[in-house]
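The residues making up each chain are set out below.
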Amino acid sequence: MKKELQRNLVRTARTTTLYILVAGVAMVILFPIYFLVTMSLMSDFEMYNEWPLPMLPSFSMSFKLQNSQKGYLLSIYNKVDNTYLDMLDTNDTGYIINFVKRKTNCTLTREKLNEIIEELKNNSKVEFKLRKNFLLNYTLFFRLKKDAWPAFLRSIYTAVVTILISLSIGGMGGYAFSRYFFKGKNFLKLGVLFVRMFPAVATAIPAAIILGNMGLYDKPIGLAFIYSIGSIGLTIWITASIFLSIPVELEEAAQIFGTSKAGAFWHVTLPLALPGLAACAMYAFIGSWNEYAQAIILTQFNPTFPVVVFEYVLGATGMAHLATAGGMTLAIPAVIFYLFIRRYILRMWGGVRV
Amino acid sequence: MADLKLENLSKRFSRKVWGVKKMDLSVKDKEFLVLLGPSGCGKTTTLRLIAGLEEATTGNILIDGVDITDTPPRKRDISMVFQSYAVWPHMTVYDNIAFALRFKHLSKAEIDSIVTETADMVKIDNLVKRYPDQLSGGQRQRVALARALAVKPKIFLMDEPLSNLDAKLRVVMRTELRAIHQQTKATTVFVTHDQSEAMSMADRIVIMKDGVIVQIGSPDDVYFKSTNVFVAGFIGMPPTNFFTVEIIHEGTDIVLKHPFFELKLDNERKSMLYDYSKRSLTFGIRPEDITITSEKNNLLKERALVVEPQGSLQIIALKIDDKIVKLVSAREHTVFPGDMLFLTFKQNKLHFFDIDTGERIGDL
Ligand SMILES: Nc1ncnc2c1ncn2[C@@H]1O[C@H](COP(=O)(O)OP(=O)(O)O)[C@@H](O)[C@H]1O
Ligand SMILES: [Mg+2]
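The following refers to the structure shown. Remember, it's a predicted structure, so these values are computed and weren't measured experimentally. The residue numbering used here restarts from 1 in each chain and proceeds along that chain's sequence as written. To label them, take the chains in the order written and letter them from A, then take the ligands in the order written and number them from 1. Selection of residues for local features in this predicted model requires a pLDDT of at least 70, selection of side-chain atom pairs for listing and counting requires 80 or more, and totals for whole chains, interfaces and linings are taken over all residues. With hydrogens and water stripped out, all remaining heavy atoms of the structure feed into the side-chain values.

### Overview of the overall build of chain A
Then, in step 1: Under the DSSP-based scheme used, a helix requires at least four consecutive residues in state H or I and a strand at least two consecutive residues in state E, with every element numbered from the N terminus. Scanning chain A for helices and strands turns up 14 helices and 4 strands.
Then, in step 2: Only C-alpha atoms enter the radius of gyration, while the globule expectation follows 2.2 Å times N to the 0.38, with N the number of residues. The C-alpha radius of gyration of chain A comes to 29 Å, more than 25% above the 20 Å expected for a compact globule of 354 residues.
Then, in step 3: With the C-alpha coordinates aligned to their principal axes, the bounding extent of chain A is approximately 95 × 80 × 40 Å.
Then, in step 4: Using a 1.4 Å probe on the protein chains alone, a residue whose accessible area is under 20% of its type maximum counts as buried, one over 50% counts as exposed, and one in between counts as partly exposed. The proportion of buried residues among the 354 residues of chain A is 43%.
Then, in step 5: Should any heavy atoms of two residues lie within 4.5 Å, those residues are considered in contact. Long-range pairs, those at least 24 residues apart, make up 68% of the contacts in chain A with a sequence separation of at least 6.
Then, in step 6: Calculation of accessible area relied on Shrake-Rupley with a 1.4 Å probe; when residues are assessed, cover is drawn exclusively from the protein chains displayed. Carbon and sulfur atoms provide 67% of the accessible area of chain A, an area that totals close to 19,700 Å².
Then, in step 7: Positive and negative side-chain charges of chain A, numbering 33 and 20 respectively, have mean locations separated by a distance of 12 Å. In this tally, Asp and Glu contribute negative charge and Lys and Arg positive charge; neither His nor the terminal groups of the chain are included. By convention, charge coordinates are those of NZ in Lys, CZ in Arg, CG in Asp, or CD in Glu.

Encoded structure:
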């Protein structure tokens, strides 16, 4: 009886340690992401006037307006220090409205301000609360960077084309590697990996010349070609091993039971290879979507979204909340793509086994 | 219902490797033909050639007299059970069976009734909604079988379908496959490397070696009239015992001389060997044709080395001239290792083979 208790205790201790460890690792991985998300939702005031940085963005802000010698004194409530901070002393009401928006992401309408000023005639101070415009950073980012939205669309286009090219050509290559014997097969197989040994920035310069000759310089399609070269190699390797793990007999059985070689591929091999292809699509997408080193070199007037965000982050001193919104916008499509493709990738490890 | 003909069929994989070499074979309508041979002798290649999964190097394949050598597999009216079953893991049992039917533009109801009927026939009617990875090996085997039966093919091909099953199930399935054949009467080519499987199932057995047919015949033919040393050694469990002997003419008698025994032939066998010009030959005797006898009329005596009881029978191994010889006897009196045995051969069950070519001498 005592022994059993002891064993239980040891087991509990062991699992607890494991959980703490896992949680710790998860924290390390997730903390930057957490900050990125919260910061992208914070206003300038929260970012720069509240210290230490609040853990959660607030939904509303409290203000105080007082009469002063110059006109009006605007204070904003600092929820970290629990005090009002004096921010602005002016008699220009237009400026007050503007300042509130820029500093706190809250909209103070002229009517509301007039009401408050009216109240000030009887009181020495008026306290009021405004709802924060939660996604203002995002709209602001796109409004400030005029080329952000077209760049965003270009990036999506580039990523989709990259996926299509690398999956179709890489997939065919992988199939050939797995099913057929030909001279120089191993040499070729290593060759496609060899391409990856060269840093993308270095190969981008000859790539720029080649694209220029083809008339594809500064065009998303040209960029997609270059990105595909990198991901085709990996796709070949992944799909070749996937196809290898699918017994040829499954295809042959399909051929015997009523369909052609192509039909066998379509009805049997493709569905079974789907998880691997999804993983390849994921690689191709990320390789294209997050890339800026080559994009900087291979585009000029038509940059991709990462280039725009990169430039903004570099140039945005004192605008970190907007930069994080840009960064988040860069991350969101990747996350959506990941959620969409997740169930196929999961099938590779659970579910259907070949 | 159909007959199948292979004419001069060859498959050459590379300069030195022949899968099948100049094969002539005709399979009769409704026949259950078994291709038998050791691993690597070209059985699978033959089957794949018939199925159209392998391109013939030379020769023709005819079904009902129609040349199908260059027809793609799906148009050959054949079906196949693979050694690895090859059931599609991403489809339910139902979809596996219905796959081929859907290409035939049958109505949903027709497909449904065929699937139910075949699933019933192979006793997997309660499993049709499952995926293959939820089935045991034996059940998957039945799915593969049902899938092949559902299309009602002219020729039914099976490549060692029982070799991945456990010993007991294998024997059960033999009977079941034969019963299904009785019912469907589909012309069948069945491949196996297991001689007892072949013996128990075949109408006719085709014995292959190194891509060439060695003997074609009924199970009794290949057992009692093995065409050469290879067949005699391959068929039967335990296999035939072989001795190299000298032929000695003593007056009108012919005596087979072996360091351990001298066997005087009776008249029938004497006439068989009378014209044989070589001075020595290989003779073979099946384990059950060596009999234990009394001391006074023994041909040779030897101590038992190993005894394997097999229920009502016992397999006794002994060493003659440094070679293991096995014999089978009834368990009337149990033999123990070390017992001295007095042995003799049944004269009418002797097999003679040419010492050089290994071919059978005489046709008795
Ligand atoms: N695809 C192939 N390429 C080269 N040689 C092969 C191929 N398939 C079979 N062979 C060779 O052909 C011979 C017959 O093989 P197979 O028909 O599979 O034998 P079995 O089925 O009787 O064991 C073997 O020597 C084998 O090595
Ligand atoms: Mg084989």
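### Section: a negative patch on the surface
Then, in step 1: Each patch groups residues whose relative accessible area exceeds 30% and which form no salt bridge, using 9 Å between like charges and 5 Å between nonpolar side chains of Val, Leu, Ile, Met, Phe, Trp and Tyr. Only one rule defines a salt bridge in this text: a Lys or Arg side-chain nitrogen within 4 Å of an Asp or Glu carboxyl oxygen. A grouping of Glu7, Asp24, Glu55, Asp67 and Asp70 of chain B is seen on the molecular surface, where their side chains present a negatively charged patch.
Then, in step 2: Secondary-structure assignment places Asp70 of chain B in the loop between strand 5 (66-67) and strand 6 (78-81).

### Details of the packing of helix 5 (residues 136-144) of chain A against helix 13 (residues 305-315) of chain A
The relative placement of two packed helices is expressed as an angle between their axes plus a distance between the axes.
Residue and element names in this part refer to chain A.
Then, in step 1: Angles shown run from 0 to 180 degrees and are taken between the N-to-C directions of axes, each axis being a line fitted to C-alpha atoms and, for helices, limited to the stretch in contact. In contact at an axis separation of 12 Å, helix 5 and helix 13 are set at 100° when each is read in the N-to-C sense. When the axis of helix 5 is compared with that of helix 13, the two are roughly perpendicular. For the pair formed by helix 5 and helix 13, the contact residues are Phe141, Phe142 and Leu144 on the first element and Phe305, Val309 and Tyr312 on the second.
Then, in step 2: Split into classes, the residues belonging to the contact of helix 5 with helix 13 amount to 6 nonpolar, no polar and no charged. Here roughly perpendicular refers to angles of 65 to 115 degrees, roughly parallel to angles under 35, roughly antiparallel to angles over 145, and oblique to all remaining angles. Under the scheme applied here, ten amino acids are nonpolar (Ala, Val, Leu, Ile, Met, Phe, Trp, Tyr, Cys and Pro), four are charged (Asp, Glu, Lys and Arg), and all others, including Gly, are polar.

### Looking at the interface of chain B and chain A
Then, in step 1: Facing the 23 residues of chain B at the interface are 19 residues of chain A.
Then, in step 2: A simple way to read buried area is as the amount of 1.4 Å-probe accessible surface that goes missing from two parts once joined, with both sides added. Of the roughly 1,800 Å² buried between chain B and chain A on both sides combined, carbon and sulfur atoms contribute 72%.
Then, in step 3: On the surface where chain B and chain A come into contact, there are 1 salt bridge.
Then, in step 4: One salt bridge connects Arg48 of chain B with Glu252 of chain A, and the closest N-O pair in it is separated by 2.8 Å.
Then, in step 5: What qualifies as a polar contact is a pair of N or O atoms within 3.5 Å, subject to a donor-acceptor requirement within protein and to the restriction that residues adjacent in sequence count only when both atoms come from side chains. On the surface where chain B and chain A come into contact, there are 5 residue pairs in polar contact (both at pLDDT 80 or more).
Then, in step 6: Every element with two or more residues in the side of chain B that touches chain A is listed here: helix 1 (43-51), strand 6, helix 2 (93-102) and helix 4 (137-150) of chain B.
Then, in step 7: Here the side of chain B that touches chain A takes 3 residues from strand 6 of chain B, the largest share from any one element.
Then, in step 8: Tallied by class, the residues present in the side of chain B that touches chain A amount to 16 nonpolar, 3 polar and 4 charged.

### Description of the pattern of salt bridges
Then, in step 1: Within the structure shown, the criterion is met by 27 salt bridges over all chains.
Then, in step 2: With a shortest N-O distance of 2.5 Å, Arg204 of chain B and Glu31 of chain B are connected by a salt bridge. Linking Arg204 of chain B in strand 9 (residues 204-209) with Glu31 of chain B in the loop between strand 2 (18-27) and strand 3 (32-36), this pair joins segments that are 173 residues apart in sequence.
Then, in step 3: Here Arg204 of chain B falls in the buried class, since its relative accessible area comes to 17%.
Then, in step 4: One salt bridge connects Glu176 of chain B with Lys123 of chain B, and the closest N-O pair in it is separated by 3.5 Å. Within this pair, whereas Glu176 of chain B is found in helix 5 (residues 167-184), its partner Lys123 of chain B is found in the loop between helix 3 (108-121) and helix 4, the two being separated by 53 residues in sequence.
Then, in step 5: Look at Glu176 of chain B and you get buried, because its relative accessible area is 14%.
Then, in step 6: Within the structure, one salt-bridge network assembled from shared partners comprises Glu46, Glu50, Lys79 and Lys132 of chain A.

### Considerations on the site of ligand 1
Residue and element names in this part refer to chain B.
Then, in step 1: Looking at ligand 1, the residues that line it are Phe13, Val17, Gly19, Pro38, Ser39, Gly40, Cys41, Gly42, Lys43, Thr44 and Thr45.
Then, in step 2: Measuring from an oxygen atom of ligand 1, one finds a backbone N or O atom of Gly40 at 2.6 Å.
Then, in step 3: Take Thr45: an N or O atom from its side chain is 2.5 Å from an oxygen atom of ligand 1.
Then, in step 4: In isolation ligand 1 exposes 560 Å². Once the protein is present, 58% of that is buried.
Then, in step 5: Ranked by residues supplied to the shell around ligand 1, first place goes to helix 1 with 3 residues.
Then, in step 6: Along the lines of polarity and charge, the residues of the shell around ligand 1 split into 4 nonpolar, 6 polar and 1 charged. The nearness test applies per residue and asks whether one of its heavy atoms lies within 4 Å of the molecule or strand.

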